[in-house]
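Overview (structure and organization)
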Amino acid sequence: MIRLNQVSKRYTNSADALKQINIEIAKGEMSFLTGHSGAGKSTILKLIAGIERTKQGQVLVDGTNVNKLNRHKLPLLRRNMGIVLQNPHLLNDRDIFANVALPLIIMGIKSQDITRRVRGALNKVGLLGKERMSPAALSTGEQQRVGIARAIVHKPTLLLADEPTGNLDPKLSRDIMQLFTEFNQVGVTVLVATHDIGLISKLPYRIIALEQGRIVADGYNN
Amino acid sequence: MLSKQVATNMTSTNVRMTKKNLATASLGAQHLYAFKTCWQHLRKTVFASLLTVAVIAIVLALPMGIFGLVSNLQQVSQHWQKGTQLSLYLNTNVSEQQVTELLSTLKQNPYIANLHYISPKQGLQQFQQQSKIKNILQVLKHNPLPGVIEIWPNASIHSAEKIHQLQQNLSTLPNVQSIQLDMQWIKRLYSILHLGDSIVFIFGILFALAVLLIVSNTIKLATQKRVEEITVMRLVGATNAFVRRPFLYTGITFGLLAGFAAWVIVNTAFSYLQSSVSQLADLYSSSFTLQPLAVSQLVLLMLIGALLGFIGSWFAVNRELRKVSFDS
C-alpha cells in the first residue's frame, strides 16, 4: 500500500527532516509512527498525502509515485485518503453536517446519498443527532471526532492521522484510537503519527519509531 | 459502512478512472455548492459587495456614456448626410441630346440616389423669380446660365472620402465643367466623430483594466478571508476548479450587476440631459432627441461586465491558490 524508498527530505534553511527512510506498509495494516516532535513523523505523512514533496527517494502509494504525481491529479489521490490532523480544521461558518459532507460534495455525490453517508459517518463517531450544531458548540474531543467523520465519510482506503489525540485527555484519546482500530478491522490501512507512547504501547500494532529523521525501531508490541 | 469491496486498491489506473468518473459525476451538486457558497458570501458582505458593484458600474458607465453620445452624434450626422448635395455645372454649349445621355449615365450610377436637371431656361426663370428683375434677357441678349444637374448621393456613402471619390468620378464625365460641393464641414464632422470613436476605444481599454483590478482586488480579499475553507477543501481532495468556482461566480455576479447598473446610470444621465438637448435642437429647428442605450447594449454591457468579473477573479484566485499551504 505504502512504500518509501530511500526517502530524504530537507526543508529550506534547516537540517534534514528525513534521512534515507525505508518503510513498507501492507494493505490493511495498522501502524504507528512515533518519536519526539521534529523526529519526522509529520513529514512522512505529508509526503504520503502529497502535501510535501521531495526530490530524494520514492514515495509510492499503491504504485503511484506521489513525488512525481501531476499536481492536478493530486486531488484524485486524496479522495482515496482520509486525513486527520491535530487541529481538525472545521469550518465554523456551517453546521456539522455540512462540514462532514464536504468531501462528498467535492466528489460530486448525489445529495440523497450524501445525507445517508454523512449520517452513517456521524453515527460511527457517535455524534448522530448533532448534525445541525455549529462545530464551535462542541467540545474538543467532539470536534476531533467530526474531523474523523469527515476523513472517513468518503470511504477512503488509507487513513492518515497526524497527532489526532494531541489535544485530548487520555480517556478521549483511547476512544479515538479505538475508532481507528475499528476502521482498520474493515480493511482500511491506517497510519497514525503520535508522540504518546503510553497510549499505543499496549496496542498490538506495528510501531515505527523515529529519531532525528531516522528509523530507530520498527516492530510489534509483545 | 466501510466494506472491503469499497476499500479496494488505489492504483494509478484507479486514479485515472476516478478522473473519468469525475466528468460524469453529479456536476449539478458541485455547481449548486458553488452557487450556495457564492450566495452566502454575497449575503454576508452585502454592503461591501454593493460598494464594489457601484464602483465597477461607474467605471463601466463612463466609456459607455461617451459611446452613447458619439453614436447619437453619428445619428445626427447621418441625418445631415441626406442634405449633402453635389451640383454638376455643364458646359454652356451642350446639346439637349448630350444632356439626355449624361442623365441616363448618371441614373445608372449606383452611388446616386436621386438627381434633378435644371435646364438653362429653368435656371433663368428661377433667377428672375428670386431676384425680381424682369426681362433680364433684354439686358443680356442671351441666357448666360449653364445647365445644372443636382445630385443626392446614396445613403451607403457615409464618409467624406467616398463623397470626394464620387466627386472625382463625376468630374471626368464629358460636358461637365465643374462640380460644387462644400466638403470642409463634412470632413471636420467626420474627424470629430472619428476622434470620438478613438476616445471611446482608449477609455474602454483603460476602464476595462480598472474593472479587472477592482474585481481581482475584491476577490483577493475574499479568498484571504476564506483561507481556512480553501485549505480544508484541498485537504479533502478538491480540485483547483472546485475551489475556484464560488469565487468565479462571485466575480461574474459583480460584473453582471455592475453592467446593469452602468446601463441605468447612462440612461438616467441621458434623460437628465434630454431637456437641454431638446432646447439646443430647437435652436437649429431640429426635432432631434437623445437616444438612450438600447436593451441590446444592456446585454452587451452585462456580458462585458461578466467577462471582466470572470477574468479578474480568475487571476485573483489563482494567485491565492498558489500561496495556500497546509499546517497541522
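Cut-offs applied
- Residues numbered from 1 in each chain as written.
- Chains lettered and ligands numbered in written order.
- Predicted model: local features only at pLDDT ≥ 70, side-chain atom pairs only at ≥ 80, totals over all residues.
- Heavy atoms only, no water.
- Helix = DSSP H or I, 4+ residues; strand = E, 2+ residues; numbered from the N terminus.
- Rg over C-alpha atoms; globule rule 2.2 N^0.38 Å.
- Contact = heavy atoms within 4.5 Å.
- Lys, Arg positive; Asp, Glu negative; His and termini not counted.
- Charge placed at Lys NZ, Arg CZ, Asp CG, Glu CD.
- Buried < 20%, exposed > 50% of the residue type's maximum accessible area, 1.4 Å probe, protein only.
- Areas by Shrake-Rupley, 256 points an atom, 1.4 Å probe, with all protein chains shown as cover.
- Pairing = 2+ DSSP bridges.
- Axes fitted to C-alpha atoms, helices over the stretch in contact; angles between N-to-C directions.
- pLDDT = per-residue confidence, 0-100.
- Expected span 1.5 Å × (residues − 1).
- Arc of directions from axis to C-beta.
- Phe/Tyr/Trp six-rings, centres within 6.5 Å; stacked < 30°, edge-to-face > 60°.
- Lys NZ or Arg CZ within 6 Å of the ring centre and 35° of its normal.
- Salt bridge = Lys/Arg side-chain N within 4 Å of Asp/Glu carboxyl O.
- Core = buried A, V, L, I, M, F, W, Y, C linked by side-chain atoms within 4.5 Å.

Side note on the overall build of chain A
On a plain count of helices and strands, chain A comes out with seven helices and 10 strands. Whereas a compact globule of 222 residues would reach a radius of gyration of roughly 17 Å, chain A reaches 17 Å, a difference of no more than 12%. Summarising the internal contacts of chain A: among those between residues at least 6 apart in sequence, 66% fall at separations of at least 24. Charge-centre separation for chain A: the mean point of 30 positive side chains lies 6 Å from the mean point of 18 negative side chains.

Observations concerning the overall build of chain B
The helix and strand tally for chain B stands at 11 helices and four strands. Per-residue burial for chain B yields a buried fraction of 40% across its 328 residues. Sequence separation of at least 24 residues holds for 83% of the intrachain contacts in chain B that already meet a minimum separation of 6. Summed over its atoms, the accessible surface of chain B is roughly 19,400 Å², and 62% of this surface lies on carbon and sulfur atoms.

Some details on the sheet that holds strand 1 (residues 86-90) of chain B
Strand pairing in a sheet relies on backbone hydrogen bonds, with the paired strands running either antiparallel or parallel. Residue and element names in this part refer to chain B. Strand order in this open sheet of four strands is 2-3-1-4, and the pairing throughout is antiparallel. Because the sheet does not close on itself, it has two edges, and the strands there are strand 2 (112-118) and strand 4 (176-180). Going across the sheet, the axis of each strand differs from the next one's by a mean of 20°, ignoring polarity. Bridging between strand 2 and strand 3 (residues 148-153) involves six bridges; their strand directions are antiparallel. Bridged to Asn 114 within strand 3 is Trp 152. Together, strand 1, strand 2, strand 3 and strand 4 form the strand contacts of helix 4 (residues 96-108), whose direction differs from that of strand 2 by roughly 165°.

Comments concerning the pairing of strand 2 (residues 16-25) of chain A
Residues and elements named next belong to chain A. The pairing of strand 1 (residues 2-10) with strand 2 spans six bridges and is antiparallel. Its bridge partner being in strand 2, Val 7 is matched across the sheet by Ile 21. The hairpin formed by strand 1 and strand 2 contains five residues between the paired strands, and Asn 13 there has a positive phi angle of roughly 60°.

Examining the confidence of the model for chain A
Predicted coordinates in regions of low pLDDT should not be interpreted in detail. Predicted confidence across chain A gives a mean pLDDT of 90, with 100% of residues reaching 70 or more. Taking the mean pLDDT of every element in chain A, the minimum, 86, falls on helix 7 (residues 197-200) of chain A and the maximum, 95, on strand 8 (residues 189-193) of chain A.

Some remarks on helix 4 (residues 111-124) of chain A
Residue and element names in this part refer to chain A. Helix length check: helix 4, at 14 residues, gives a terminal C-alpha distance of 20 Å against a target of 20 Å (1.5 Å per residue), a fit within 8%. For helix 4, the full list of buried residues reads Ile 114, Arg 117, Val 118, Ala 121 and Leu 122. Across the axial projection of helix 4, the buried residues extend over an arc of 135°, all falling on one side. Exposed side of helix 4, more than 90 degrees from the buried face: Gln 112 and Arg 116 are the residues found there. If you follow the buried residues of helix 4, they end up packed against helix 3 (96-107) and helix 5 (140-152). Phi turns positive, to about 75°, at Gly 126, one or two residues after helix 4.

Description of the packing of aromatic side chains
Aromatic ring pairs are reported here in terms of the distance separating the ring centres and the angle at which the planes meet. Tallied over the entire structure, the rule returns five aromatic pairs over all chains. Aromatic pair Phe203(B) and Phe207(B): ring centres 5.5 Å apart, planes at 10°, arrangement stacked. Residue Phe203(B) and its partner Phe207(B) are both found in helix 8 (residues 184-225); the two are separated by four residues, about one turn of the helix. Looking at Arg132(A), its charged tip hangs above the ring of Phe97(A), at a distance of 4.9 Å from the centre.

Section: the pattern of salt bridges
All names here are of chain A. Counted by the stated rule, this structure contains 14 salt bridges over all chains. Across the salt bridge formed by Arg 119 and Glu 131, the nearest N and O atoms sit 2.7 Å from each other. Within this pair, whereas Arg 119 is found in helix 4, its partner Glu 131 is found in the loop between helix 4 and helix 5, the two being separated by 12 residues in sequence. By relative accessible area, Arg 119 is classed as partly exposed at 38%. The closest approach of N and O atoms between Lys 171 and Asp 175, which form a salt bridge, is 3.0 Å. Here the residue Lys 171 and the residue Asp 175 both occupy positions in helix 6 (residues 170-185), the gap between them amounting to four residues, near one helical turn. Its relative accessible area of 48% is what places Lys 171 among the partly exposed residues. Accessibility expressed as a relative area gives 31% for Asp 175, which makes it partly exposed.

Section: the nonpolar core
Counting 82 residues, the largest nonpolar core has Val100(A), Val118(A), Leu159(A) and Phe180(A) as the members making the most contacts within it. For Phe180(A), the contacting residues outside a window of four places in its chain are Met30(A), Val84(A), Ile148(A), Leu159(A), Ala161(A), Pro164(A), Val190(A) and Val192(A).

Describing the sheet that holds strand 2 of chain A
All names here are of chain A. Taken together, four strands build an open sheet; the order of strands is 2-1-4-5 and the sheet is antiparallel. Only two strands of the sheet have a single neighbouring strand rather than two, namely strand 2 and strand 5 (64-65). Direction of pairing for strand 1 relative to strand 4 (residues 56-61): antiparallel, over a ladder of five bridges. Residue pairing for strand 4: Arg 3 is matched across the bridge by Leu 60.

Quick notes on unusual backbone geometry
Residue and element names in this part refer to chain A. For Gln 6, which is not a glycine, the phi torsion comes out positive at approximately 50°. Checked against the element boundaries, Gln 6 lands in strand 1. The class of Gln 6 is partly exposed, set by a relative accessible area of 42%. Backbone geometry places Gln 212, a non-glycine residue, at a positive phi of 45°. Tracing the backbone through its elements, the reader meets Gln 212 in the loop between strand 9 (206-211) and strand 10 (214-220).

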